[in-house]
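If you want the building blocks of each chain, they are given just below.
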Amino acid sequence: ELGQTLERMGQTLRDQLPSSGRHPIPLGTHPGPRPPDEADVVVVGGGVVGWSVAYWLKVLEGRRRQHGMKVLVVERDPMYSRASTVLSAGGIRQQFSLRENIQMSRFSASFLRDINEHLGVPNEPPIDIQFQPSGYLFLASPQNAAALEATVQLQRDEGAKVTLLSPTQLKAKFPWINTEDVAVASYGLEDEGWFDPWTLLNAFRRKAISLGVQSCSGEVRAFVTSANHMMPPAPSSARIRYVHVYMPDSLEYQPVACAIVVNAAGAWAGKLLEVDGLPRGLCQPPLPIQPRKRYVFTWHCPNGPGLSCPFLIDTSGAYFRRDGFAGNYLGGMSPTEVSPRDPLRSFTPLFFIRHLQFILFQEEEPDPSDLSVDHDYFQEQVWPRLARRVPAFESLRVRGSWAGYYDYNTFDRNGVLGPHPRLENMFLAAGFSGHGLQHAPAAGRAVAELVIKGRYETLDLRRLGWDRLVDGEPLEEHGVV
């Protein structure tokens, strides 16, 4: 009993501490064994999406194979020091503007609610993702009020419990908010809040390994395909036969024969399709996924919002949430995109226009070559917006900061799921632009269904496939934070 009491006291103290944003592998953990000579499926990327795919492959295979499917997860950053998953703010919400994203959020919320039934491992401690069900609160200006109301109706049609608040109702529920310039707000009543990203990643990883999934540390820098030794004319498609996994800090590599490759490389999913061995003609149009650096700042404000504080998204794009207890918070803001007028589209194919828009009309993006933090960004851009919305934040004290990556889809800021149109045995699961963590349970199952059963069964996510890139038809998500 004494031990249990001490453990509860320790957990209470940990809950009161602000999160550091970094959850390293325990000291002494070996980066992993060498890759095997062959695998049925090679998952490139050991973030939460990659491990979700691996987990669902083993769950769904059932007894289809006598000896079980050989699944290999390749992760180039075994310490997860630059991983998008563990450097995120850990939010989950139903409040999206695209039907598929709402459906994935609802699936993931149900999965997380029963996480121990799915990811529990016998003789291991139960999983506690430390979910804080405080909801998301989106604020809309008069110009955006009608759009927010229409989006809430879509969310309700999909079964999400979201309510609209007038400025008077908003002030009554959250007295600490300055409602100036707010026309309406939407507030999630169920299955919204935040949780510990590292715990979810480790739970998927631990369960998948218990089911027989293998993992290794290394970087995929080359492929061997069926087109590599073909004579002209160039083929219209090809199959990947080998994945070359390069050992950490070495020129040595291990060729892994495989039947299926899943590109779950996150922010580097686009770069993966540019490595040696892939015929350039078969990788067009390029996968428009690039790393985008985002800052997260933590601060202390003893007179700030209390336990009822939601994950607030301001009209300016700035956001914050409570970070534990005792007046601790975290937040940030993404650069704002400014789109040109549509007449340009009549002169150039839409796909290339959207890339041109991104280059010419995007606010200056932080340099993604490292994870250094621009502290002036908080002082000059984030803090003034926060203090205007929450007057108590005028006296906040910054405690820390970190940076992480969005796997940013420059085409329409949505994930790309499903088979590659010309690489016959490659499947994609990347480009979620900041909502990959919360959609990982659903996205992993969707890709596993395609691999094993050849079709979507749980959710129809066909519109998130590659075809929209080829056809130049974006699926805009207006709820990217």
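Scroll up to find the structure.
Quick look at the structure, then. It should be emphasised that the depicted structure is a prediction, and the values quoted were computed from it without experimental measurement.

To continue, consider the overall build of the protein. Broken down by element type, the protein carries 12 helices and 18 strands. Taken across its 481 residues, the protein has 54% of its residues classed as buried. Per element, the accessible surface of the protein, about 21,700 Å² overall, is 52% carbon and sulfur.

Turning our eyes to something else, we now look at the side chain of histidine 420. With respect to the helices, strands and loops of the structure, histidine 420 is situated in the loop between β17 (416-419) and β18 (426-430). Polar side-chain contacts of histidine 420 include one of 3.0 Å to the backbone nitrogen of arginine 422. For histidine 420, the residues in contact, after removing those within four places along its chain, are Leu273, Leu282, Cys283, Met426 and Trp466.

Grouped together as the largest cluster of nonpolar side chains are 108 residues, with contacts concentrated most on Leu137, Trp299, Phe320 and Leu417. Element by element, the count of residues in this core is highest for helix α11 (residues 436-453), at 10 residues. One finds Val42, Ala227, Ile240 and Cys258 within the second-largest nonpolar core, a separate group that totals 35 residues.

Relative to the 18 Å expected for 13 residues at 1.5 Å per residue, helix α5 (residues 145-157) spans 19 Å between its end C-alpha atoms, a close match to the ideal helical length. Where α5 is concerned, the buried positions are Ala145, Leu148, Thr151, Val152, Leu154 and Gln155. At its buried positions, α5 is contacted by α3 (99-113), β4 (136-140), β5 (162-165) and β6 (184-188). Downstream of α5 by a residue or two, glycine 159 has a phi angle that is positive, lying close to 95 degrees.

Another point: the pattern of salt bridges. Throughout the structure, instances matching the rule amount to 23 salt bridges. Between glutamate 365 and arginine 294 there is a salt bridge whose closest N-O contact spans 2.8 Å. Placement of glutamate 365 in the loop between α9 (350-361) and α10 (375-389) and of arginine 294 in strand β12 (residues 289-300) is noted, with a sequence separation of 71 residues between them. Taken as a pair, glutamate 365 and arginine 294 share a single burial class, namely buried. Across the salt bridge formed by arginine 445 and glutamate 449, the nearest N and O atoms sit 2.9 Å from each other. Highlighted residues: arginine 445 and glutamate 449, both in helix α11, separated by 4 residues, approximately one helical turn. One continuous salt-bridge network, built from bridges that share partners, spans Glu180, Asp181, Asp314, Arg388 and Arg389.

The next thing to look at is the packing of α3 against α11. Packed helices, taken two at a time, are described by their axes: the angle between them and the distance between them. Between α3 and α11, the least distance of the axes is 7 Å, while the angle of their chain directions is 100 degrees. In terms of orientation, α3 and α11 fall into the roughly perpendicular class. Every residue of α11 that contacts α3 at Asn101, Met104, Ser105, Phe107, Ser108 and Phe111 is listed here: Gln438, His439, Ala440, Pro441, Ala442, Ala443 and Arg445. Counted by class, the contact of α3 with α11 contains 7 nonpolar, 5 polar and 1 charged residues.

The next thing to look at is the packing of helix α2 (residues 48-61) against helix α7 (residues 197-210). Here α2 crosses α7 at 30 degrees, and the two axes come no closer than 9 Å. As the angle between them shows, α2 and α7 are arranged roughly parallel. Here the hand of the crossing between α2 and α7 comes out left-handed. Residue-level inspection shows Val48, Trp51, Ser52 and Tyr55 of α2 in contact with α7, the latter providing Leu200, Leu201, Phe204, Arg205, Lys207, Ala208 and Ile209. Its residues assigned to classes, the contact of α2 with α7 comprises 8 nonpolar, 1 polar and 2 charged.

Here we come to the sheet that holds β4. The 8 strands are arranged β5-β6-β4-β13-β14-β15-β12-β16 in an open sheet whose pairing can be described as mixed. Because the sheet does not close on itself, it has two edges, and the strands there are β5 and β16 (397-409). On average, adjacent strands in this sheet sit at an angle of 20 degrees to one another, irrespective of strand direction. The strands touched by α5 are β4, β5 and β6; relative to β5, the strand with the most contacts, the crossing angle is about 155 degrees. Running over the sheet, α10 touches β4, β12, β13 (311-313), β14 (319-322), β15 (328-332) and β16 and is turned about 65 degrees from β12.

Among the secondary structure elements, serine 433 is positioned in the loop between β18 and α11. A polar atom in the side chain of serine 433 sits 3.0 Å from the backbone nitrogen of asparagine 409. Setting aside residues no more than four positions away along its own chain, serine 433 makes contact with Tyr406, Asp407, Tyr408, Asn409, Arg413, Asn414 and Val480.

Another aspect to go through is the packing of aromatic side chains. Throughout the structure, instances matching the rule amount to 26 aromatic pairs. Aromatic pair tryptophan 299 and tyrosine 329: ring centres 6.4 Å apart, planes at 25 degrees, arrangement stacked. One end of the pair, tryptophan 299, is in strand β12; the other, tyrosine 329, is in strand β15, with 30 residues separating them in the sequence. Residue classification places tyrosine 329 among the buried positions, given a relative accessible area of 1%. Grouping aromatic residues by their ring pairs yields a cluster made of Phe174, Trp176, Tyr187, Tyr295, Phe297, Trp299, Phe320, Tyr329, Tyr377, Phe378, Trp383 and Phe393. The ring centre of tryptophan 268 lies 4.4 Å from the NZ or CZ of arginine 76, which sits over that ring. The ring of phenylalanine 96 carries the charged tip of arginine 93 above its face, separated from the ring centre by 3.9 Å.

Moving on, we get to unusual backbone geometry. Residues glutamine 284 and proline 285 are joined by a peptide bond in cis, for which omega reads -5 degrees. As for its placement among the helices and strands, proline 285 is situated in the loop between α8 (269-272) and β12. At tyrosine 80, a position not held by glycine, the phi torsion is positive, near 55 degrees. Structurally, tyrosine 80 can be placed in the loop between β2 (71-75) and β3 (91-92). The phi angle at arginine 413 is positive, at roughly 60 degrees, despite the residue not being glycine.

Taking burial as the measure, the 5 residues of β4 include 5 buried ones, the bulk of the element. Along β4, one buried face is formed by Tyr136, Phe138 and Ala140 and the opposite face, lined by Leu137 and Leu139, is buried too. As judged from the 3 bridges shared by β4 and β13, these two strands associate in the parallel manner. In the strand pairing of β13, leucine 137 is matched with leucine 312.

Each value, and the rule that gives it
Residues numbered from 1 in each chain as written. Predicted model: local features only at pLDDT ≥ 70, side-chain atom pairs only at ≥ 80, totals over all residues. Heavy atoms only, no water. Helix = DSSP H or I, 4+ residues; strand = E, 2+ residues; numbered from the N terminus. Buried < 20%, exposed > 50% of the residue type's maximum accessible area, 1.4 Å probe, protein only. Areas by Shrake-Rupley, 256 points an atom, 1.4 Å probe, with all protein chains shown as cover. Polar contact = N/O pair within 3.5 Å; in protein donor to acceptor, adjacent residues only side chain to side chain. Contact = heavy atoms within 4.5 Å. Core = buried A, V, L, I, M, F, W, Y, C linked by side-chain atoms within 4.5 Å. Expected span 1.5 Å × (residues − 1). Salt bridge = Lys/Arg side-chain N within 4 Å of Asp/Glu carboxyl O. Axes fitted to C-alpha atoms, helices over the stretch in contact; angles between N-to-C directions. Parallel < 35°, antiparallel > 145°, perpendicular 65-115°, else oblique. Nonpolar A, V, L, I, M, F, W, Y, C, P; charged D, E, K, R; others polar. Left-handed = near helix turned anticlockwise from the far one by under 90°. Pairing = 2+ DSSP bridges. Phe/Tyr/Trp six-rings, centres within 6.5 Å; stacked < 30°, edge-to-face > 60°. Lys NZ or Arg CZ within 6 Å of the ring centre and 35° of its normal.

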